[in-house]
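# Structural features, examined
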Amino acid sequence: MVLDPQQDDEYTSAHGIPMTEEAFGQLIQTESPYRYELIGGIAYNMTGSSPKHSALSSRIDLLLSEQLGRRGPCHTHRDQYVAIPDRPPVVPDVVLTCDRGDWDDDEYAKPFKIRSPLIVVEVLSPSTEAYDRNEKFARYQRCSTLEVYILVSQMARYVEVYRKSSGWRQEVFTGMQLIHLEQLDLELSLAEIYDGILKEA
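Residues numbered from 1 in each chain as written. Predicted model: local features only at pLDDT ≥ 70, side-chain atom pairs only at ≥ 80, totals over all residues. Heavy atoms only, no water.

### Concerning the nonpolar core
Put simply, the rule reads: What makes a nonpolar core is a set of buried Ala, Val, Leu, Ile, Met, Phe, Trp, Tyr and Cys residues whose side-chain atoms join them at distances within 4.5 Å. Each residue gets one of three labels from its accessible area relative to the maximum for its type: buried under 20%, exposed over 50%, partly exposed in between, using a 1.4 Å probe on protein chains only. In this text, helices come from DSSP runs of H or I with a minimum length of four residues, and strands from runs of E with a minimum of two, each type numbered from the N-terminal end. Here a residue-residue contact requires only that any non-hydrogen atoms of the pair lie within 4.5 Å.
The biggest cluster of nonpolar side chains holds 27 residues, and the ones touching the most others in it are Ile150, Val152 and Leu181. Elements that contribute at least two residues to this core include exactly helix H2 (51–68), strand S7 (94–97), strand S8 (117–123), strand S9 (148–152), strand S10 (158–163), strand S12 (178–181), strand S13 (186–189) and helix H5 (190–194). Ranked by the residues each element gives to this core, the list is headed by H2, at five residues. Residue contacts for Ile150: discarding those within four places in its chain leaves Ile119, Val120, Val121, Glu122, Val159, Glu160, Val161, Leu181 and Leu188.

What follows is the structure, encoded as structure tokens:
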């Protein structure tokens, strides 16, 4: 099926519609409040999440951006497509890039897609957890710039970190532990991530 992104209702959601990669590429070229991912030949609307999911994504974005500061080439983004070599693009909950071409108006690709993800964060949801752990993770690994992949639980203070430098070996952080990201000397405290979001926190 080919979906016309210029239809009368340009904001109509295409959730659950079978389509080719070419049609998917056309769909996401148009400015829209929706964010889609192509999974098994089906376009899914990934927009919207639970309040807890949204709060965790916002908190991690804030913690990282505060440490990065306002100057320099490194920035965090939310709800933006990441270009995947030879695969359909995906939308992470939080992505950190240090490529000026992913920020500068005169350099980034149009339609906008982040080309050089360094750190990617996904907050796990029951409906998408298997996808985040498997196919989506495999797509991210096709990006030569990716150094760290982080999975964050909504249910407990539980974060998994996968680093290219260790062959993508799983590291588990719980309770009050501190995650150190040596790429930019960043730190993520589980206490700060979950503060006020989980009942136990």
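That shown, we press on.
### Section: the state of the cysteines
Just so we agree on the cut-off: Cysteine sulfur pairs qualify as disulfides if the two atoms are within 2.5 Å.
Using the criterion set out here, one finds one disulfide in the structure. Disulfide partner of Cys74: Cys98, at an S-S distance of 2.0 Å. Residues Cys74 and Cys98 are joined through a disulfide that is right-handed, its torsion about the S-S bond being 105°. Residue Cys74 is found in the loop between H2 and strand S4 (75–77), and its partner Cys98 is found in the loop between S7 and S8; the two are separated by 24 residues along the sequence. In this structure Cys98 comes out as partly exposed when scored by relative accessible area, which is 27%.

### Topic: the pairing of strand S11 (residues 169–174)
This is how it is decided: Here a strand pair is declared whenever DSSP counts at least two bridges between the two strands.
Relative to S11, S10 runs antiparallel, the two sharing six bridges. Bridged to Glu160 within S11 is Val172. Hairpin connection from S10 to S11: five residues lie between these consecutive antiparallel strands, with Gly167 at a positive phi of about 70°.

### Quick word on the sheet that holds strand S1 (residues 17–18)
Reading across from one edge, S1-S3-S2 is the order of the three strands in this open sheet, with antiparallel pairing throughout. With one partner strand each, in any of the chains shown, S1 and strand S2 (36–39) form the two edges of the open sheet. As paired elements, S2 and strand S3 (residues 42–45) share four bridges and run antiparallel to each other. Considered in S3, the bridge of Leu38 is made with Ala43.

### Details of the sheet that holds S10
Formally: To obtain an axis, a line is fitted to C-alpha atoms, over the contacting stretch when the element is a helix, and the angle between two such axes runs from 0 to 180 degrees between their N-to-C directions.
Reading across from one edge, S4-S7-S8-S9-S10-S11 is the order of the six strands in this open sheet, with mixed pairing throughout. Unpaired on one side and paired on the other, S4 and S11 mark the two borders of the sheet. When the angles between neighbouring strand axes are averaged without regard to direction, this sheet yields 20°. Note that S9 and S10 share five bridges and pair antiparallel. When the sheet's bridge partners are listed, Ile150 is paired in S10 with Val161.

These figures capture arrangement, not role.
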